[in-house]
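Analysis of the macromolecular model
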Amino acid sequence: MDAELTALASAAATAVVGELATTGWQRAQVALGTLWRCVHPERAGTVEAELEETRSDVLAARQAGDADAEQGLVGEWQSRLRRLLAADPSLAAELRRILAEWEPGPAGNGMVITMNAHASGGSRVVQAGQDVHITGE
C-alpha cells in the first residue's frame, strides 16, 4: 500500500474516533458501513455494530481522561481502514469526500461554534449560532 493511502487511513481513523464522540456519531457509522458494503457487504453490519462499541469505548476513555485508550481505538480503525483501502483503492476518493464533509467550518458540513460571555450589572448578552433579530426593548 502506498504512503498516501496509509496517511489517508490514519487521518480517517482519527476523524472516525473523534466523530464517534460527538452527537453526530451515527453519520460516521453510516459512512463507514457504506464503504464496507462496497468491498465486504457481508461484514458491513458487523462493522456498524463495532463502531457503536467503539463509541462506548471512546466515551469511557474520554470520561476517564485515558488518551492512550483512545489512541488504541484510533490504531484499531487505522488498521481496518488500511485493509479496506488495500482491497479497493478506489474507495480513497469517497473516504476523502467523507472527511471533507466532517471538517468544521465553511469547508464542510460540520460546524464548530464556541461562545463565551460574561455580563455584569445591567448588561445583556445575546449569543446564537445563526442570525438573530431583536426587536423592541
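Residues numbered from 1 in each chain as written. Predicted model: local features only at pLDDT ≥ 70, side-chain atom pairs only at ≥ 80, totals over all residues. Heavy atoms only, no water.

Observations concerning the overall build of the protein chain
For the record, the criterion: Working definition: helices are DSSP H or I runs of at least four residues, strands are E runs of at least two. Numbering for both runs from the N terminus. Between buried and exposed lies partly exposed: a residue is buried under 20% and exposed over 50% of the maximum accessible area for its type, with that area taken using a 1.4 Å probe on protein chains only. Whether two residues touch is decided by their heavy atoms; if any such pair falls within 4.5 Å, the residues are in contact. Here the accessible surface of atoms and residues is derived via Shrake-Rupley with a 1.4 Å probe, and residues count as covered only by protein chains that are part of the display.
Summing up its helical and strand segments, the protein chain has five helices and zero strands in all. Beginning at the N terminus, the succession of helices and strands in the protein chain can be written as α-α-α-α-α. Within the span of the protein chain, comprising 137 residues, buried residues form 31% of the whole. In the protein chain, once contacts between residues fewer than 6 apart in sequence are set aside, the share between residues at least 24 apart is 59%. For the protein chain, the exposed area adds up to about 8500 Å²; of that, 49% sits on carbon and sulfur atoms.

Examining helix 5 (residues 91-102)
The cut-off we apply is this: To estimate how far a helix should reach, multiply one less than its number of residues by 1.5 Å. Here, the arc refers to the directions that run from the helix axis to the C-beta atoms.
With twelve residues, helix 5 ought to run about 16 Å at 1.5 Å a step, and its terminal C-alpha atoms sit 17 Å apart, in line with that. Looking at helix 5, one finds that the buried residues are Leu-91, Ala-92, Leu-95, Ile-98, Leu-99 and Trp-102. Axial view of helix 5: buried residues confined to an arc of 120°, hence all on one face.

Here we look at the packing of aromatic side chains
Keep this limit in mind: Think of it this way: a Phe, Tyr or Trp ring, Trp meaning its six-membered ring, pairs with another when their centres are within 6.5 Å, and the plane angle makes it stacked under 30 degrees, edge-to-face over 60, tilted otherwise.
Evaluated as defined, the whole model comprises one aromatic pair. Summarising the aromatic geometry, the rings of Trp-36 and Trp-77 are spaced 6.2 Å apart at their centres and angled 85° between planes, so their arrangement reads as edge-to-face. Residue Trp-36 is found in helix 2 (residues 25-39), and its partner Trp-77 is found in helix 4 (residues 67-87); the two are separated by 41 residues along the sequence. Taken as a pair, Trp-36 and Trp-77 share a single burial class, namely buried.

Side note on the side chain of Glu-48
Relative to the helices and strands, Glu-48 is located in helix 3 (residues 44-64). Residue contacts for Glu-48: discarding those within four places in its chain leaves Gln-29, Gly-33 and Arg-37.

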